[in-house]
Amino acid sequence: QVQLVESGGGLVQAGDSLRLSCVVSGGTSSNLRMGWFRQAPGKEREFVAAISASGRRTIYGDSVKGRFTISRDNAKNTVYLQMNGLRPEDTAGYYCAAKSSYTDYISRGDFHYWGQGTQVTVSS
């Protein structure tokens with residue numbers, strides 16, 4: 001069964017950068033479309049970014065567009081989220097998600113596998 005493990009979260013100051021990683025095991029990463037979501041206390045889960053199985057297509061949520069970049073290295077079975085220009089409102093638990101894909105389809109939803117999350121806290 002596919003397992004996802006996030007890492008790279010931490011406490012940073014506004015304006016700083018951080019890179020999150022998601023390591024995929026138990027599946028073929030090249031046949032998975034991947035996504036990042038976040039959830040702050042008392043708020044709904046929010047879509048952050050997604051990347052197609054090939055890595056050639058990406059989409060972003062409006063609140064992070066231009067600041068965050070999703071990428072992947074299928075040889076390393078790893079997906080990344082580079083976060084630049086962090087703001088206090090970016091504070092949340094960040095979760096990696098995956099769904100089997102045998103085309104280069106990309107979507108903001110319909111993910112099947114989820115990681116345990118990593119906490120990102122941005123101070124004012």
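Thresholds applied
Residues numbered from 1 in each chain as written. Predicted model: local features only at pLDDT ≥ 70, side-chain atom pairs only at ≥ 80, totals over all residues. Heavy atoms only, no water. Phe/Tyr/Trp six-rings, centres within 6.5 Å; stacked < 30°, edge-to-face > 60°. Helix = DSSP H or I, 4+ residues; strand = E, 2+ residues; numbered from the N terminus. Buried < 20%, exposed > 50% of the residue type's maximum accessible area, 1.4 Å probe, protein only. Pairing = 2+ DSSP bridges. Axes fitted to C-alpha atoms, helices over the stretch in contact; angles between N-to-C directions. Disulfide = S-S within 2.5 Å.

A. Spatial organisation of the packing of aromatic side chains. Within the structure shown, the criterion is met by 3 aromatic pairs. With centroids separated by 5.6 Å and ring planes inclined at 70°, the aromatic side chains of Phe-37 and Phe-47 adopt a geometry described as edge-to-face. Linking Phe-37 in strand E4 (residues 32-39) with Phe-47 in strand E5 (residues 46-51), this pair joins segments that are 10 residues apart in sequence. For the residue pair Phe-37 and Phe-47, the accessibility class agrees, reading buried in each case. Seen in terms of ring centroids, Phe-37 and Phe-111 are 5.5 Å apart; in terms of plane orientation they differ by 80°. Their pairing is edge-to-face. Taken as a pair, Phe-37 in strand E4 and Phe-111 in the loop between strand E9 (92-100) and strand E10 (113-114) lie far apart in primary sequence, 74 residues in all.

B. View of the sheet that holds strand E8 (residues 78-83). Read from one edge to the other, the open sheet built from 4 strands follows the order E1-E3-E8-E7, with strand pairing classed as antiparallel. At either margin of the open sheet sits one strand with a lone partner, and together these are strand E1 (3-7) and strand E7 (68-73). When strand polarity is set aside, the average angle formed by the axes of neighbouring strands in this sheet is 15°. For strand E3 (residues 18-25) and E8, the ladder comprises 6 bridges, and the chain directions are antiparallel. For Arg-19, the partnering residue across the bridge sits in E8 and is Gln-82.

C. View of the state of the cysteines. The tally for this structure, following the rule as stated, stands at 1 disulfide. A sulfur-sulfur distance of 2.1 Å marks the disulfide that ties Cys-22 to Cys-96. Disulfide Cys-22-Cys-96: torsion about the S-S bond near -85°, hence left-handed. A residue pair is termed long-range when its members are at least 10 positions apart, and Cys-22 in strand E3 and Cys-96 in strand E9 qualify at 74 residues. The same class applies to Cys-22 and to Cys-96, which are both buried.

D. Fine view of unusual backbone geometry. A positive phi angle, close to 55°, is found at Asn-77, a residue other than glycine. By secondary structure assignment, the location of Asn-77 is in the loop between E7 and E8. Of note, the phi angle at Asp-110 is positive, near 65°, even though the residue is not glycine. Within the element layout of this structure, Asp-110 appears in the loop between E9 and E10. The class for Asp-110 is exposed, based on a relative accessible area of 57%.

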